[in-house]
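Spelled out, the chains give:
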Amino acid sequence: MARPHESVVDGSPARTSAQPQDLPAVDRLLRSAAGQALLAEHGHTLVAGQARALLDECRAQARAGTLDTADAALPALAEALAARIAARLAPRMRRVLNLTGTVIHTNLGRALLADDALAQVMATMAGPNNLEYDLEAGGRGDRDSLVEELLCTLTGAEAATVVNNNAAAVLLTIAALAHAREGRREVVVSRGELVEIGGAFRMPDVMAAAGATLVEVGTTNRTHARDYERAIGERTALLMKVHTSNYAVQGFTAAVDEAELARIAHAHGLPVATDLGSGALVDMVAWGLPAEPTPQSKLAAGCDVVTFSGDKLLGGPQAGLIVGRRDAIEKIRRFPMKRALRMSKLPLAALEATLRLYLRPERLARDLPTLRLLTRAPAHIRAQAQALQPALAAAVAPRYAVAVVDTLGQIGSGSLPVERLPSAALAIAPVAKKGAGRALDALAAALRALPLPVVGRIADDRLLLDLRCLERSEELAAQLPALQERLA
Ligand SMILES: *Cc1c(COP(=O)(O)O)cnc(C)c1O
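None of the values given here were measured: they were computed from a predicted structure. (Residues numbered from 1 in each chain as written. Predicted model: local features only at pLDDT ≥ 70, side-chain atom pairs only at ≥ 80, totals over all residues. Heavy atoms only, no water.)

> Would you mind going over the layout of surface pockets with me for this structure?
In this approach the atoms are scanned with a rolling probe the size of a water molecule, which exposes any empty space left behind. Computed from the structure, the largest pocket encloses a volume of approximately 1100 Å³. Looking at the largest pocket, it is lined by 35 residues, and the ones nearest its centre are R95, L108, A111, L112 and L113. Breaking the lining of the largest pocket down by element, the ones donating at least two residues are strand 3 (97-98), helix 5 (115-125), helix 14 (345-357), helix 15 (364-367) and helix 16 (369-374). In terms of residue count, helix 5 provides more of the lining of the largest pocket than any other element does, 4 residues in total. Taken together, the residues of the lining of the largest pocket break down into 19 nonpolar, 5 polar and 11 charged. There are two domains that each give the lining of the largest pocket at least three residues, and those are domain 2 (97-104 + 375-487) and domain 3 (115-367). (1 Å grid on protein atoms, 1.4 Å probe; cavity = no way out; pocket = protein on both sides within 12 Å on 5 of 7 lines; lining within 4 Å. Points joined across faces, edges and corners; volume = space filled by probe spheres on them. Helix = DSSP H or I, 4+ residues; strand = E, 2+ residues; numbered from the N terminus. Nonpolar A, V, L, I, M, F, W, Y, C, P; charged D, E, K, R; others polar. Domains from an automatic or database assignment.)

> Would you explain the domain arrangement of the chain in this entry?
Size of an interface, as often reported, equals the accessible area lost when the parts are brought together. Looking at the assigned domains, one finds that the chain contains domain 1 (17-89), domain 2 (97-104 + 375-487) and domain 3 (115-367). The centre of domain 1, based on its C-alpha atoms, is set 55 Å off from the matching centre of domain 3.

> Looking at this model, I keep getting lost on the packing of helix 3 (residues 44-64) against helix 4 (residues 74-89). Mind explaining?
Axes are the key here: two packed helices are described by the angle between their axes and the distance separating the axes. Two elements in contact, helix 3 and helix 4, have axes whose closest approach is 10 Å; the angle formed by their N-to-C orientations is 120°. As summarised for this structure, helix 3 and helix 4 are arranged oblique, according to the angle between their axes. Regarding helix 3 and helix 4, the two cross each other, and that crossing is right-handed. Side by side, helix 3 and helix 4 meet where L46, V47, Q50, A51, A53, L54, L55, E57 and C58 of the first sit next to L77, A80, L81, R84, I85, R88 and L89 of the second. Residues of the contact of helix 3 with helix 4, tallied by class, amount to 12 nonpolar, 1 polar and 3 charged. (Axes fitted to C-alpha atoms, helices over the stretch in contact; angles between N-to-C directions. Parallel < 35°, antiparallel > 145°, perpendicular 65-115°, else oblique. Left-handed = near helix turned anticlockwise from the far one by under 90°. Contact = heavy atoms within 4.5 Å.)

> Looking at this structure, how should I read the sheet that holds strand 7 (residues 186-190)?
Backbone hydrogen bonds hold the strands of a sheet together, and the pairing may be parallel or antiparallel. The strand order 6-12-11-10-9-7-8 describes an open sheet built from 7 strands, whose pairing is mixed. This sheet does not close on itself; its edge strands, each paired only once, are strand 6 (159-163) and strand 8 (213-217). Pairwise comparison of adjacent strand axes, ignoring direction, gives a mean angle of 25° for this sheet. Pairing analysis gives 4 bridges linking strand 10 (residues 272-277) to strand 11 (residues 305-309), with the strands arranged parallel. Counted as the bridge partner of T274 is V306 from strand 11. Lying on the sheet, helix 10 (residues 258-267) is in contact with strand 9 (236-242) and strand 10; it crosses strand 9 at an angle near 180°. Sheet strands in contact with helix 12 (residues 326-334) are strand 6, strand 11 and strand 12 (320-324), and its direction is about 30° off that of strand 6. (Pairing = 2+ DSSP bridges.)

> For this particular structure, what's the right way to read the pattern of salt bridges?
Where side chains of opposite charge bring their charged atoms close, a pairing between them can arise. In total, this model carries 24 salt bridges according to the counting rule given. For the salt bridge of R333 with D144, the shortest nitrogen-to-oxygen distance reads 2.8 Å. Here R333 is found in helix 12, whereas its partner D144 is found in the loop between strand 5 (139-140) and helix 6 (145-155), with 189 residues between them in sequence. In terms of burial, R333 and D144 fall into one category: buried. Note that E148 and R333 form a salt bridge whose closest N and O atoms lie 3.2 Å from each other. Of the two residues, E148 is situated in helix 6 and R333 in helix 12; the sequence distance between them amounts to 185 residues. (Salt bridge = Lys/Arg side-chain N within 4 Å of Asp/Glu carboxyl O. Buried < 20%, exposed > 50% of the residue type's maximum accessible area, 1.4 Å probe, protein only.)

> Looking at this model, I keep getting lost on the confidence of the model for the chain. Mind explaining?
Detail in the predicted coordinates should be disregarded across regions flagged by low pLDDT. Of all residues in the chain, 95% have pLDDT values of 70 or greater, and the mean over the chain is 93. Segment residues 1-9: pLDDT under 50, and 11 contacts once partners within four positions in sequence are set aside and those in other chains are kept. (pLDDT = per-residue confidence, 0-100.)

> Sorry, what's going on with the site of the ligand here?
Close to the ligand lie R110, N165, N166, A167, I197, F201, H243, S245, D275, G277, S309 and K312. R110 has a polar side-chain atom sitting 2.9 Å from an oxygen atom of the ligand. Side-chain polar atom of D275 to a nitrogen atom of the ligand: 2.6 Å apart, as the coordinates give it. The protein chains hide 94% of the 380 Å² of surface that the ligand would expose on its own. For the shell around the ligand, the secondary structure elements donating two or more residues are helix 7 (166-179) and strand 10. (Near = heavy atom within 4 Å. Polar contact = N/O pair within 3.5 Å; in protein donor to acceptor, adjacent residues only side chain to side chain. Areas by Shrake-Rupley, 256 points an atom, 1.4 Å probe, with all protein chains shown as cover.)

> Whenever I open this one, helix 10 confuses me. Can you help?
Along an α-helix, residues three or four positions apart point the same way, because every turn accommodates 3.6 residues. Along helix 10, the residues classified as buried are E258, L261, A262, I264 and A265. When helix 10 is viewed along its axis, its buried side chains cluster within an angular range of 165° and face the same direction. Opposite the buried face of helix 10, at more than 90 degrees from it, the exposed residues are R263 and A267. On its buried face, helix 10 sits against helix 9 (225-231), strand 9, strand 10 and helix 11 (295-300). (Arc of directions from axis to C-beta.)

> Explanation requested: the sheet that holds strand 16 (residues 457-459) in the structure shown.
Read from one edge of the open sheet, 4 strands run 13-14-17-16, paired in antiparallel fashion. Every other strand in the sheet has two partners, leaving strand 13 (400-409) and strand 16 as the edge strands with one partner each. For this sheet, the mean inter-axis angle between neighbouring strands, taken without regard to orientation, is 35°. As judged from the 10 bridges shared by strand 13 and strand 14 (residues 421-430), these two strands associate in the antiparallel manner. By the bridge assignment for strand 14, Y400 is matched with P430.

> For this particular structure, what's the right way to read the nonpolar core?
Buried together is how nonpolar side chains tend to be arranged in soluble globular proteins. Judged by nonpolar contacts, the single largest core of 56 residues is most densely connected at L151, F308, L351 and L355. Sorting elements by how many residues they give to this core places helix 6 first, with 5 residues. For F308, the contacting residues outside a window of four places in its chain are L151, N166, L276, G277, G279, L281, P295, L314, A319, G320, L321 and V323. If you look at the next biggest cluster of nonpolar residues, it comprises 33 residues, including A159, A168, L171 and V189. (Core = buried A, V, L, I, M, F, W, Y, C linked by side-chain atoms within 4.5 Å.)

Below you can see the structure in the form of structure tokens.
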């Protein structure tokens with residue numbers, strides 16, 4: 001009678017499975033030379049914990065008859081322990097190559113930080129800094145003051161404050177301005193601008209969370225000045241415009257612009273706020289990119305408050321920027337919710353350095369990664385794809401073929417939704433039509449599992465690696481041996 005822990009696989013010679021009692025005790029594994037070396041490097045807590053977990057798993061496998069005798073021996077166990085510890089210590093948050101063709105990709109961390117921003121973070125975060133300390137007066141300072149003057153210079157605002165992200169900026173602005181006047185809670189917004197920007201951020205919900213009462217005016221496609229006029233009453237606190245950053249209403253449309261809305265609001269003694277979302281601080285048209293409204297143009301049109309993101313077109317860290325008239329900004333700054341939404345010192349350091357880049361706009365397309373990537377010439381990207389094609393083709397052969405194709409990418413993060421960016425990609429397609437879908441999924445998984453994970457996009461039965469965001473070809477080339485190994 002065969003012992004239960006003996007197995008015969010595919011007619012190969014019988015391999016003996018280890019018995020639970022063949023496994024060493026935790027202590028013996030730790031006292032081995034390899035165990036001692038691991039203890040010296042990592043200390044007792046991690047090494048002993050992982051040794052216990054490893055031996056528990058091995059014991060379960062032994063009981064099931066699925067543990068090879070060789071794997072139950074000390075050298076193999078020590079090796080497995082070292083691998084477990086390395087995996088446990090490996091960071092979960094990692095760099096990836098964004099070859100999706102979407103430059104500001106929310107799932108991939110949005111804007112890349114400029115060298116100056118990274119340097120500022122490194123220079124100020126390891127030690128104490130003047131986050132809330134006025135170095136001239138030698139007393140308590142305000143963290144806003146680190147960026148307020150810059151924001152005012154760049155946007156023409158009288159005052160500015162910053163919070164954790166733009167969702168927070170909108171929430172805080174509405175809450176502060178709609179609470180500021182007793183009994184006035186109503187915020188008037190056009191039906192065409194009640195945006196959802198993904199996740200839980202939907203304008204009507206934000207209004208409710210801010211304690212305001214939403215008053216919708218107009219229709220989905222057309223809203224007129226008289227619609228706002230009619231909605232204004234004793235309870236009105238604020239008129240609001242929301243930039244439809246991630247969709248476009250086209251065709252038979254009408255909207256009231258900020259200048260007209262400001263005239264209406266101010267005639268009633270009310271403020272106007274605009275949420276821009278994307279946050280382009282310069283005119284994108286100057287770089288051959290689609291037009292995007294700037295905060296300075298909205299302030300010049302008469303808006304009292306403008307809110308926008310730090311990590312979309314502005315190209316900085318996650319942040320919510322609020323600029324506008326001094327009295328409105330003061331109300332927002334003093335509202336208690338501000339303390340809960342305030343920016344942390346780490347992104348604040350990066351934001352200050354990013355904003356400083358805008359003082360030299362002529363250098364911006366070089367110094368600001370977001371603009372650098374957005375302005376890369378399609379011909380350059382195509383040439384780069386052609387140079388990489390032979391090596392990639394060799395790595396994925398014989399199951400896949402590689403061609404260079406023209407593509408249309410996106411700016412991303414809800415910025416300029418209908419505009420596409422001409423680009424070029426390496427298109428990888430399975431050679432066999434049968435099982436092509438599975439082959440594509442396997443390829444995408446192999447790319448994601450690389451030491452530097454590669455994220456592309458699947459379209460028309462091909463996996464596209466759009467090279468707009470690949471500034472250094474070597475980074476992809478260096479992954480190819482590992483890719484070849486994974487697909488073998
Ligand atoms: C992106 C966006 C927001 C939210 O900004 P976050 O910085 O992601 O919090 C708000 N409003 C509009 C119109 C947006 O496009």
